[in-house]
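Notes for the structure review
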Amino acid sequence: MRRESGGRVDRSRVLRFTFDGREYTGHPGDTLASALLANGVRRVAASVKLGRPRGVFSAGSEEPNALVQVETPFPEPMLTATTVELYDGLAARGLAGRGRLASEPDPARYDAVHAHCDVLVVGAGPAGLAAARAAAATGARVILADEQPEPGGGLLGTAETVDGTPGAEWAAATAAALEELPDVRVLRRTTVFGYYDDNYLVAVERRTNHLGAQAPAHVARERIWRIRARRVVLATGAHERPIAFAGNDLPGVMPAGAARTYLHRYGVLPGRRAVVFTANDSAYAAALDLADAGVDVAAIVDVRQAPGSCATRARERGIEVLTGHVVRQAHGDGQVDGVVAGTDGGDVLEERPIDADLLLVSGGWSPVVHLFSQSGGSLRYDEELGAMLPGRSRQAVEVAGAARGVFTLEACLADGAGAGERAVSGTGPAPVEPSPPAGVPYWLVPAADYSAHFVDLQRDVTVADVRRATGAGLRSVEHVKRYTTAGTAHDQGKTSGLLTTAVMAHLLGVPVADLGVTTFRAPYLPVSFAALAGRDRGELHDPVRVTALHEWHVANGALFENVGQWKRPWYYPRPGEDMEAAVLRECRAAREQVAAMDASTLGKIDVIGPDAGEFLDRLYTNLMSTLKVGAIRYGVMCRADGMVFDDGTVIRLAEDHFLVTTTTGNAAAVLDWMEEWLQTEWPSLRVYCTSVTEQWATVALVGPRSREVLARLAPGLPVGAAEFPFMTWREAEVAGLPARVCRISFSGELAYEINVTSWDGLRLWEAIMAEGVTPYGTETMHVLRAEKGYPIVGQDTDGTVTPHDLGMSWVVSKKKPDFVGKRSFGRADTARPDRKQLVGLLPEDPAFLLPEGTHLVAPETVGPGRRLPEPPVPMLGHVTSSYRSAALGRTFALALVKAGQSRYGERLYAPVGDTLVPVTVTSHVLYDPEGARRDG
Amino acid sequence: MLLIPCPWCGPRDEAEFHYGGQAHVAYPQDPAALSDEQWARYLFFRDNPKGVFAERWSHSAGCRRWFNALRDTATNEIHAVYRVGEPKPVTS
Amino acid sequence: MMQLPEHPDWLWESAAPKRSYDVVIVGAGGHGLATAYYLARNHGITDVAVLERGWLAGGNMARNTTIIRSNYLWDESAGIYEHALKLWETLEEELDYPLLFSQRGVLNLAHSLQDVRDSVRRVEANRLNGVDAEWLDPRQVKEVCPIVNISQDVRYPVLGATFQPRAGIAKHDHVAWGFAKAAAALGVHFVENCEVTGLRVSNGRVTGVETTRGTIGAGRVALCAAGHTSVVAATAGIDLPLQSHPLQALVSELLEPVHPTVVMSNAVHVYVSQAHKGELVMGAGIDAANSYRQRGAFHIIERQMAAALELFPVFARAHVLRTWGGVVDVSPDASPIVGLSPVEGLYLNCGWGTGGFKATPGVGWCFAHTVAHDEPHPLTAPFSLDRFVTGALVDEHGAAAVAH
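Examining the overall build of chain B
Along chain B, the regular secondary structure elements total one helix and six strands. Counted from the first residue to the last, chain B has its helices and strands arranged as β-β-β-α-β-β-β. Overall, chain B is about 40 × 25 × 25 Å in size when its C-alpha atoms are taken along their principal axes. Burial status across chain B gives 47% buried among its 92 residues. Long-range contacts, defined here as pairs at least 24 residues apart, represent 44% of the contacts in chain B between residues at least 6 apart. Accessible surface, chain B as shown: approximately 4,300 Å² in total, 48% of it carbon and sulfur. Counting 10 positive and 11 negative side-chain charges, chain B places the averaged centre of each group 4 Å from the other.

Considerations on the nonpolar core
One finds C:Ile25, C:Leu33, C:Leu56, C:Trp88, C:Trp177, C:Phe179 and C:Phe190 to be the most contacted residues of the largest nonpolar core, which totals 95 residues. Among the elements that line this core, the one with the most residues is helix H2 (residues 75-95) of chain C, at eight residues. Excluding anything up to four places from it in sequence, C:Leu56 contacts A:His479, C:Trp12, C:Ala28, C:Leu33, C:Trp177, C:Ala180, C:Phe190 and C:Glu192. By size, the runner-up hydrophobic cluster in this structure holds 61 residues, among which are A:Leu619, A:Val660, A:Leu671 and B:Leu43.

Structural notes on the state of the cysteines
Per the stated rule, a full pass over the model turns up zero disulfides over all chains. Cysteine B:Cys6 shares no disulfide, and the gap to the nearest cysteine sulfur, in B:Cys63, comes to 3.8 Å.

Section: helix H6 (residues 309-316) of chain A
All names here are of chain A. Along H6, the residues classified as buried are Cys310, Ala311 and Ala314. Down the axis of H6, the buried side of the element spans an arc of 100 degrees, and every buried residue falls inside it. Residues of H6 that are buried in the fold lie against helix H5 (282-292), strand E19 (296-302) and strand E20 (321-323). Note on H6: the residue one or two positions beyond its end, Gly318, has a positive phi of about 85 degrees.

As for the packing of helix H9 (residues 463-471) of chain A against helix H10 (residues 477-484) of chain A
In helix packing, the relevant descriptors are the interaxial angle and the interaxial distance, both defined with respect to the helix axes. Residue and element names in this part refer to chain A. Here H9 crosses H10 at 120 degrees, and the two axes come no closer than 9 Å. As summarised for this structure, H9 and H10 are arranged oblique, according to the angle between their axes. Viewed along their axes, H9 and H10 form a crossing whose handedness is right-handed. Residues Asp465, Val466, Arg468, Ala469 and Thr470 of H9 lie in contact with H10, whose contacting residues are Val480, Tyr483 and Thr484.

Brief notes about helix H8 (residues 409-425) of chain A
Every α-helix carries 3.6 residues per turn, so stepping three or four residues along brings you back to the same face. Residues and elements named next belong to chain A. The terminal C-alpha atoms of H8 lie 25 Å apart, and with 17 residues this matches the ideal 24 Å at 1.5 Å per residue to within 8%. Listed as buried for H8 are Leu409, Ala411, Cys412, Leu413, Asp415, Gly416, Gly418, Ala419, Gly420, Arg422 and Ala423. Residues of H8 that are buried in the fold lie against strand E8 (110-122), helix H2 (126-137), strand E10 (161-162), helix H3 (167-180), strand E15 (222-234) and strand E28 (397-399). Trailing H8 by a residue or two, Gly426 shows a phi angle of about 85 degrees, which is positive.

What about the interface of chain C and chain B?
Tallying the contact residues gives 25 residues for chain C and 22 residues for chain B. For the pairing of chain C and chain B, the buried interface totals around 1,900 Å² over both sides, and the portion due to carbon and sulfur atoms is 56%. Summed over the three residues of chain C that lose the most area to chain B, namely C:Asn290, C:Tyr292 and C:Val389, the buried surface amounts to 28% of that side. In this structure, the connection of chain C to chain B is made through one salt bridge. Residue B:Arg41 pairs with C:Asp239 through a salt bridge whose shortest N-O separation is 2.6 Å. At the surface where chain C touches chain B, the tally comes to 13 residue pairs in polar contact (both at pLDDT 80 or more). Elements that contribute at least two residues to the side of chain C that touches chain B include exactly helix H6 (229-234), strand E12 (243-254), helix H7 (298-311) and helix H9 (387-390) of chain C. Here the side of chain C that touches chain B is built from residues that sort into 14 nonpolar, seven polar and four charged.

Examining the interface of chain C and chain A
Counting residues at the interface gives 76 residues for chain C and 96 residues for chain A. Both faces combined, the contact of chain C with chain A buries some 7,600 Å², and carbon together with sulfur accounts for 56% of it. Broken down residue by residue, the surface that chain C buries against chain A is led by C:Leu128, C:Arg155 and C:Arg317, which jointly contribute 13%. Counting across the interface, chain C meets chain A through eight salt bridges. Between A:Asp106 and C:Arg317 there is a salt bridge, with its nearest N and O atoms 3.0 Å apart. Here chain C is connected to chain A by 38 residue pairs in polar contact (both at pLDDT 80 or more). Broken down by secondary-structure element, the contributors of at least two residues to the side of chain C that touches chain A are helix H3 (113-128), helix H5 (172-185), E12, strand E15 (279-286), H7, strand E16 (319-330) and H9 of chain C. Element by element, the count of residues in the side of chain C that touches chain A is highest for H3(C), at nine residues.

Considerations on the sheet that holds E15(C)
Overall, mixed pairing links the nine strands, which are arranged E31(A)-E16(C)-E12(C)-E15(C)-E14(C)-E13(C)-E4(C)-E6(C)-E5(C) in an open sheet. Sheet topology places strand E31 (527-528) of chain A together with strand E5 (134-136) of chain C at the edges, where each strand pairs with a single neighbour. Inspection of the sheet shows E12(C) paired to E15(C) by five bridges, in the antiparallel sense. By the bridge assignment, C:Leu250 is partnered in E15(C) with C:Met282. Packing of H3(C) onto the sheet brings it into contact with strand E4 (106-110), E5 and strand E6 (160-164) of chain C, and relative to E5(C) it is tilted by some 150 degrees.

So, the packing of H9(A) against helix H11 (residues 497-508) of chain A
All names here are of chain A. Remark: H9 packs on H11, axes separated minimally by 10 Å, with the N-to-C direction vectors making an angle of 55 degrees. One way to sum up the angle between H9 and H11 is to call them oblique. Every pair of crossing elements has a handedness; the one defined by H9 and H11 is right-handed. In contact with Val463, Val466, Arg467 and Thr470 of H9, H11 contributes Thr500, Val503, Met504, Leu507 and Leu508.

Some words on the packing of aromatic side chains
If you walk through the whole model with that rule in mind, you get 40 aromatic pairs over all chains. When the ring of B:Tyr27 is compared with that of B:Trp39, the centres are 6.4 Å apart and the planes differ by 85 degrees; the resulting orientation is edge-to-face. Here B:Trp39 lies in helix H1 (residues 36-44) and B:Tyr27 lies in the loop between strand E3 (18-22) and H1, a separation of twelve residues in the sequence. The interplanar angle of 80 degrees and the centroid separation of 6.4 Å between the aromatic rings of C:Trp12 and C:Phe190 together place this pair among those described as edge-to-face. Taken together, the positions of C:Trp12 in the segment before strand E1 (20-26) and C:Phe190 in strand E8 (residues 189-191) put the pair 178 residues apart, joining distant regions of the chain. Residue C:Phe190 is classed as buried on the basis of its relative accessible area of 2%. The ring of A:Phe645 carries A:Arg639 above its face, with NZ or CZ at 3.9 Å from the centroid. The side chain of A:Arg639 reaches across the aromatic face of A:Trp673, ending 4.7 Å from its centre.

Conventions and cut-offs
Residue positions within a chain follow its written sequence, with the count starting from 1. The lettering of chains begins at A and the numbering of ligands begins at 1, in the order of writing. Note on the predicted model: pLDDT of at least 70 is required for a residue's local features to be given, and 80 or more for side-chain atom pairs to be given and counted; whole-chain, interface and lining totals, by contrast, use all residues. Water and hydrogen atoms were dropped before computing side-chain values, which therefore reflect all heavy atoms in the structure. A run of H or I in DSSP counts as a helix once it spans at least four residues, and a run of E counts as a strand once it spans at least two, with each numbered from the N terminus. Per-residue accessibility, obtained with a 1.4 Å probe over protein chains only, is compared with the maximum for each type, and a residue is labelled buried under 20%, exposed over 50%, and partly exposed between these values. We call two residues in contact when some of their heavy atoms are within 4.5 Å. Note that accessible areas follow from Shrake-Rupley with a 1.4 Å probe, and for residues the cover is restricted to the protein chains shown. Only four residue types enter the charge count: Lys and Arg as positive, Asp and Glu as negative, with His and the chain ends excluded. Charge coordinates come from a single atom per side chain, which is NZ of Lys, CZ of Arg, CG of Asp or CD of Glu. Here, nonpolar core refers to any group of buried Ala, Val, Leu, Ile, Met, Phe, Trp, Tyr and Cys residues whose side-chain atoms link them within 4.5 Å. Disulfide assignment relies on a single distance test, namely cysteine sulfur atoms paired within 2.5 Å. To obtain the arc, one takes the directions from the helix axis to the C-beta atoms. For every element, the axis is a line fit to its C-alpha atoms; helices are fit only across the contacting stretch, and the angle between N-to-C directions ranges from 0 to 180 degrees. Each angle gets one of four labels, with under 35 degrees taken as roughly parallel, over 145 as roughly antiparallel, 65 to 115 as roughly perpendicular, and the rest as oblique. Definitions for this section: a left-handed crossing has its near helix turned counterclockwise from the far helix by less than a right angle. A right-handed crossing has that turn clockwise. One fewer than the residue count of a helix, multiplied by 1.5 Å, yields its expected span. Throughout, the accessible surface (probe 1.4 Å) given up by two parts as they are put together, summed over both, is called the buried area. For this document, the term salt bridge refers to a Lys or Arg side-chain nitrogen within 4 Å of an Asp or Glu carboxyl oxygen. Here a polar contact is recorded for every N or O atom pair within 3.5 Å, except that within protein the pair must consist of a potential hydrogen donor and a potential acceptor, and residues adjacent in sequence are included only if both atoms are side-chain atoms. Residues are grouped as follows: Ala, Val, Leu, Ile, Met, Phe, Trp, Tyr, Cys and Pro are nonpolar; Asp, Glu, Lys and Arg are charged; every other residue, Gly included, is polar. In this scheme, strands are said to pair when DSSP sees at least two bridges between them. We call Phe, Tyr and Trp rings a pair once their centres come within 6.5 Å, taking the six-membered ring for Trp, and we label the pair stacked below 30 degrees between planes, edge-to-face above 60, and tilted otherwise. Placement of a positive charge over a ring is assigned whenever Lys NZ or Arg CZ falls within 6 Å of the ring centre and within 35 degrees of the normal to the ring plane.

This is the structure we're talking about:
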C-alpha cells in the first residue's frame, strides 16, 4: 500500500499498467514490483516445479521470485519485477519459471562502445561515490557505473544522512558534481556483468527500456560497454540472506532491508502487521523505520539470547523482542497470514503463533563478490560474518564498502575514499576494518520435516532436496547444485548459494568453509542476446567485398555467389533461362566465340626485393627464381605436411619484383603465410610482401575470338601468337587505359587477363562488352576449367591432397633441395600408391549428371547382382566437381579416387539415391588434352 | 580479451592479434636428413605446458609484425614480449 | 509446472585411495567413468580406481553442450561415433538411469556452394557407412526447425543442411552419474580431489601414479585427462601432439519450447539446442591461444551471439544467464588419439578436442578393451599416435562440418 508521502516516486504523475490482465496505476520512480506492492498485489508468479505462489521478495536485481514476462511494447522473457522500471502502457504477467520469446523480429537497435579509464568504479552507493570522488579529484579519468536509474545504492533504501543531507540527495549531488568534470563519466542503468583478464570489464547499459513505447527508435535500446580500466574499484554492496524455515517462500516473506527500501524509496508499505526474524542488528533498523511509518510490528524474533542495545531500543518503542527464538513456520493461503515462533533448540518446544501479513527476515549479509571472483581473486569464508569475503586479488582491483564487509555509512564513505585514492596513486589510507552488523550467521531452523524449508526459491529446492543429495553420497557443492539444480536459475543463486552450502554443512556436520561455494560466472545479471550481438547483424555481420565492376553485374542481372567475403557473379541468366541454360550458353560463347569474366577477386600480392625469387622458390613446389622478366608461371604451394594449400600464377615484373596471384578465398591466408615464413624463419631474406588485390581490376577475356577483340581494344599491342606468346605479359593501352595484359588461360582457350587500376575497371569492362563479348560467371569458369582438368583448391582438394594426387607431379621440382612440404611427400602414407587421385569420370549415360559429393564403389563391391552390400560399404572416393559440358556434348565429373590414375578405363559405380550409376574412369583432362586451343 | 603489449605498437586488444603457437621451433636445417619420426615432431608436436610458454603472436590488425611472448597458460599473465630474433628473456 | 526425472537416492561414495589397483584411470570425466564401467562389465576388471583432481565429472563433462551425433565424414570417425550412438540408444536401460537422451535430430547448415558439396559428400558417405543422414533443402530445414531464418537475403543464407534424425542430446551430469553409479556397483573406486602429479615408470613400464593424496600403485594406467593430458603425460617424458585451448558455452533462461532439434553451423559458427527444462544451450568458438584457464575471452561470446541472431532472429531478447569454459585438447587433425603409448601399461585417450561427449560410451567400450587386452580396439586402431609419423591422418578439419 502506498503512503501519502515519502519515497522518491513522483506522485504528481500517474502511470497506467496491466499485470496478469488487470489494470493498475503507479508513478514515475516505481519499479513494477513497488507498484504491485503499492496496489496490494502479493502473488506475482508461480514457482517452476511445485506451482507455489510467489511474491516480490527483494528490492533489487538479486530477486529470485518475482519473474515476469513483459508483453507490451515488445515481448521480453524472464525479467524480475524488481528491476523493471514502470512506464505508461506496460503490460506484464507473472511467470512460472519459463519465459516466452516473441515470434516477430525485434525492431530495436543495439550497440557497443569501447571505453578506457584510469579508474572504473562499479556501484554508486556511498562507497562507490566516495571512491569515484576521491579518484576524480586527482584528475584521473573515471567511469562510475551503477545498475540503478539513480545513484545512491543502499542510501536509497534508508533514511540516513550524509553531512546532514538526506542520503539520496547527497548521492544525486555527488554524482552531478562528478559529471561536471571533463574526464568523468557516470553511467546509470548500467550493470557491469563480466570481469575478464587484464582489467577488461563488460557492462550493459539499458538506455530506453524505461521509456516503454516512447523509446526513440534511433537510440540503441541496450548498449554494451567494453571497458579497459587501469584499476577497478568494486563497490558492489551486499545481499541480505534468507533463512530456511517452513513456508519461507510465501508471498509476504522478504528480507528486512528490502521492506525498508520499499518504504523509503517507493513510499510503499509491503504489509500492515509485521514480524521480524533476525540473527543480527541490521533488521532492527527496518523494524523501527516500519513502525515509524505505521506498520504494526508484532514482534522481533531474534535468534540470539542477548541481542544488545538494539533490542532495548525496540522494546522502548513498545515492540516485543523474543530473544533466543526462531520462526518455525510461516503460514497462509497464498500469502503470509501468520507465523509460528518458538525457542531455538532445547528439548521443550514452546510455540507461539503470531498473526502477521509480513515477515521480515535477516539471516545475515553476503558481500557481492561475484565480480571480484570473476577477476581471478580468491575468496575466503569469514566465520563471523558467515559470508565469503574478497581475499587475494590477481588484478589491479580494490574492493570497498559492503562488498568487503564494511557496513556502517561512515566506514563505507571512508573505505570508498581510500580505495579511490589507492586506485589512482597506488598508495593511500589502508582499507577500513570490516564492520558487519552485530549478529551471528544463521541459516536453518531445525525441523523434523524439511520439505517446505526452501533454499532456492526459484528452483523450488528445499532442505529436504539437499538432504536427499547428500544422502545419495554427494559431498561437493557442485554435485549438490547439479543434483538439486539449486543456484542454476535466473538469479544464479545470488541469495541462495551460500545458504545451500550452509545447509549442506549442517547436514554433513562439516564447517561451511570446507565446502565453499560454486564458481561465480559471468554474466552477473542476465544479458540479452541482442545486446551482445550489437550491430554485427545483417549486412554488418561480415563485411561484403565487391569488385569495381559490381554495379554493372547487378544492373545486368547477374546472380551472385558468396566466395569468402566476396560477392562474385555466378551466372547471367537471360530472360527465360534457367541456370543450366545460361551456363551452357556462356560456356559455348567462351569455347566458340569470346566471353569475359570479372576475375578481380583473385588475390594479388606484390613480392619485392633482391631475394624475392629465392623466397618464392622456398614456398612454391616449383622453381620461380628462373622465371624471366616478362614471363608467367603457374605454381602450387603446399603446407609443411605436403598437402596443397593454394595455387595461382606468378608474374615476374622485374628482377626484384614478382606479382603472385592466389585463389579468391585464400588471399589473406597466403599473405599471412608468406609473412610468417619471412618474419619468423627467414628474416635475412630481403623481401617485402604487399597485398594489391584491391588496387587492380582484372578481366579474363576468353575464346577463339579473344585475340581479335583485344587487337581492336589495344591497337598498339602486337597480339600474334609468336609476338605475344602463352605465359607472358605485356604493358599496353587497352581501351585507352594503361593496362597489364597477361596471356594465361584457366579455360584452355586462347585467353588474356587484362589488369587495370580499379578506378578504370568499369571503363575497361564496358569497352569489352561493347565488342559484343558474352559475360560469364563463376559457374561457367568452373565448367571450363574442369573440362581441362584444372583443380580448384578447396573444391577438388580438401587438405588431404598432394600435387601428385592431382596429377601435377610436373609442378613439383626435383631440382630444388627443399621447399615447404617436400619432406612430407616421403612419408609412408603420402608415398602410398593407392592414394586418392584426381581423375575424370564419364557417366555411361551421357545425360546423367552426377551430384557433387557422390561416392564411388568398385565393381567387386556391388558384385554381379549390382547391389550394395550391408554397410559399411567400402568407398573408393568421391565426385568433387560435376557438370554438363557444351563442348563435350555430355556430362562429366572430376573425382578423387583411390589409385585413380591406374584405373583409366575402369567402370565404377556411383550410388545415387536407390540406383547404382555406372561411370568410366578417365584422365582428368577431358577437353583438348593436346593444348591446341590455347593459341587460338 | 587479453591486453597484449605489441613490442612495436604498445598494448592492444587481443582481437587485433593472430596466434602462432609455440615460439622457437626452427624449420629444420635439412629436412631430407630427418627420419619420419623427426619430421613428424617438427610438423605436429608442440609444447603444451601449463605454466610459462614462449609463444608467437602476429599483430595482424596492426603493424602485422610477428613477435614472441612469454605467457603463463595457467593464468594468462604475459610476463614479457620480445621481437623476433631477440633472445628469450629470463623470467623468475 | 515442469517435472524432470529425479536422480536416484543413492549414487556413489567418494573413496579414499588404496595403496594400489590393477588399473588406475586418470580423470573421472565421461570417458574415464565409461572406461571404468566397461572394464568391469565387459572384462571383469574391477580393481579399478578413477582419480579426479576436482569433483567427479567436473571438467569438460560438466561443461559441454551435450550434442550427440555420428555423421562424420571419414570412415574411421563414422565407425567410432556410430558405435557410440548405438550404445547411446540403449544406454538408459543399460545403466538404469534417466539420461534424458533425446533423439531430436541434428541439422548441420550449409551456407556456401562449397558447404553444399561438402555436406552432400558427408551425407553420401554416412549412408554407405550405415549412418542415417539426409540432405535437406532450405524449405525442408524450415520444416524441421521452424525458427531457422532461411531468407536468402541475409549475409550467409542457408542453402540447405544435413540432417541426422538419430542424433540428439543427453544430460551430461546424468550420463556421468549413470556410469559412476553403475561402475561403483561393480566395485570401482572414485577418488576425488586427487590430482595426478606424476606417472611412475620403471624399466619402460608404468608402475603407478603420484598424486596429491600420495602414491598409488597401478598395473596399468589409462589417461582420460582431456585438456590436462599433456601435463600428465609429460611427467613420464611423453610428448603428445596436443594443444589445450579454452572452449566456451552458455545458457539462456528457461523458455517455452521454440527449438525442437539441434542446429549447428560451421560458417557462422553456431551450435544450439533447447534443453528439456527450456534453456537454450549454445557453444561458442574456441580461443585461439593455448590456455589452461577454464574461461575464454568475451569477444568470442559476442561474436557467437551475432551469429546466433543471424540464424535465429527470435532469440533477440533471450538472455545469457551463464557462460563458462572448459579446456579442450586439440590434435593436429582434429581427431582423437586412442591406444597404446611409448610406455608399457600406459594407455592414451585424448585429443577429442571439442567433440568428446558424444563418443563417451563408444570410447569407454573401446578403451576398456585396449586396457584389458593391451591392444587397440579395431574401431580405435586408426587413431593411433603413430599416424602422425606415417601421415595417415584422419583429417576432420576441412571435412566434417563442425567437430562438436
